[in-house]
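A structural walkthrough
Given next are the chains, with one letter for each unit.
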Amino acid sequence: MKFQFCLLFALFGILLINSNLTAANAVTVSVYYESFCPYCKEFFKEQLIPVYSLYKNKINIELIPSGNTNVMANGQITCQHGPSECFGNAIQACLFARDQNTMQSLHFMVCMYDDPSKNVADKAKNCVETLNLRGWTELYDCANGPTGKLWNKRNRAKTELIRNRVSKFVVPWILINGETRQDCIKNLEGCLAQYIPY
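Attention here is on the structure that accompanies the text. Note that the structure is a prediction, hence the values are computed from the model and not measured.

**As for the overall build of the protein**
- What the protein contains, in helices and strands, is eight helices and six strands.
- Of all 198 residues assigned to the protein, the portion counted as buried reaches 52%.
- Looking at the protein as shown, the accessible area adds up to about 9,500 Å², and 54% of this sits on carbon and sulfur atoms.

**Let's talk about unusual backbone geometry**
- Backbone torsion omega between Val171 and Pro172 reads 0°, so that peptide bond is classified as cis.
- Considering the arrangement of structural elements, one finds Pro172 in the loop between α7 (146–163) and β5 (173–176).
- Look at Asn132: it is not a glycine, yet its phi comes out positive at around 55°.
- For Asn132, the position within the fold is in the loop between α5 (120–130) and α6 (136–144).
- In the Ramachandran plot, Asn177 falls in the positive-phi region, its phi being about 50° despite a non-glycine side chain.
- Structurally, the position occupied by Asn177 is in the loop between β5 and β6 (179–180).
- Residue Asn177 is classed as partly exposed on the basis of its relative accessible area, which comes to 46%.

**Quick notes on the sheet that holds strand β2 (residues 59–65)**
- With respect to topology, four strands assemble into an open sheet ordered β2-β1-β5-β6, the strand pairing being mixed. Only two strands of the sheet have a single partner each, and these edge strands are β2 and β6.
- As judged from the seven bridges shared by strand β1 (residues 27–33) and β2, these two strands associate in the parallel manner. Paired with Val31 across the two strands is Leu63, which belongs to β2.
- Here helix α2 (residues 38–55) sits on the sheet in contact with β1, β2 and β5, set at roughly 160° to β2.
- Contacts between helix α3 (residues 83–99) and the sheet are confined to β1 and β2, with β2 contributing the most and set at about 150° to the helix.

**Concerning the state of the cysteines**
- Scanning all chains against the criterion turns up four disulfides.
- Note on cysteine connectivity: Cys79 is disulfide-linked to Cys86, with sulfurs 2.0 Å apart. Sign of the S-S torsion, about 115° for the bond between Cys79 and Cys86, identifies this disulfide as right-handed. Of the two residues examined, Cys79 and Cys86, each falls in the buried class.
- One disulfide in the model links Cys111 with Cys127; its S-S distance is 2.2 Å. As the torsion about the S-S bond is roughly -95°, the Cys111-Cys127 disulfide counts as left-handed. Taken together, the residues Cys111 in helix α4 (residues 102–114) and Cys127 in helix α5 connect sequence positions 16 residues apart.
- Accessibility expressed as a relative area gives 16% for Cys111, which makes it buried.
- Classification of Cys127 by relative accessible area gives buried; the value is 0%.
- In the protein, the cysteines engaged in disulfides, taken in order along the sequence, are linked 1-2, 3-6, 4-5, 7-8.

Rules behind the numbers
Along each chain, the written sequence defines residue order, and numbers are assigned to residues from 1. Where totals are concerned, whole chains, interfaces and linings use all residues; where local detail is concerned, this predicted model gives features only for residues with pLDDT of at least 70, and gives and counts side-chain atom pairs only at 80 or more. Side-chain numbers come from the whole structure's heavy atoms, not from hydrogens or water. Helix and strand definitions here come from DSSP, where helices need a minimum of 4 consecutive H or I residues and strands a minimum of 2 consecutive E residues; each element is numbered from the N-terminal end. Any residue under 20% of the maximum accessible area for its type is buried, any over 50% is exposed, and the rest in between are partly exposed; the area is computed with a 1.4 Å probe on protein chains only. Per-residue accessibility takes into account occlusion by the displayed protein chains alone, with areas from the Shrake-Rupley method and a 1.4 Å probe. We call two strands paired when DSSP finds no fewer than two bridges between them. Any pair of residues with heavy atoms lying within 4.5 Å of one another is described as a contacting pair. Between N-to-C directions, angles cover 0 to 180 degrees, with each direction set by a line fitted to C-alpha atoms, over the stretch in contact for helices. For the purposes of this analysis, a disulfide is any pair of cysteine sulfur atoms at a distance within 2.5 Å.

Read these as geometric descriptors, not functional statements.
And the structure:
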């Protein structure tokens, strides 16, 4: 049942994390990133987590782990920082789809960046345990199976829509309500002030 649930989300392309919003006109912040990117880690720790803590009832967070990926002739996706990053992207996508908890997901991502383990599965497992999340085996199976591959393909396709319309794509890449806002990487709260009615 859980596999079908994840597969259903993948097929319909839904990765918007449920924030239990009270405002009907919440602002959507979309973050395109890579699970091994140090600049992404900095953005999550210094900008996104503090801002989400302040405005969680006014913003939706959409996380798209893919970044600078390519597709080989055989259809296999390759990631900028190697196969481990592709697996890390899949683990994070599976967690987002399963748990639908924005703050928990953000802390899980930062934990994976900070964990000193060399093996990405060890990093993720350590973070599941550290953050008292449930179901490491289920999460691993999702990421390591067809659902994880579907998430990586779906997130790559979504990222390509952005990459194809800009001259230089870098991660993290930020959209606010569908509008590219790279100027927000260092001042997300200031940028959101233009969108959130007080």
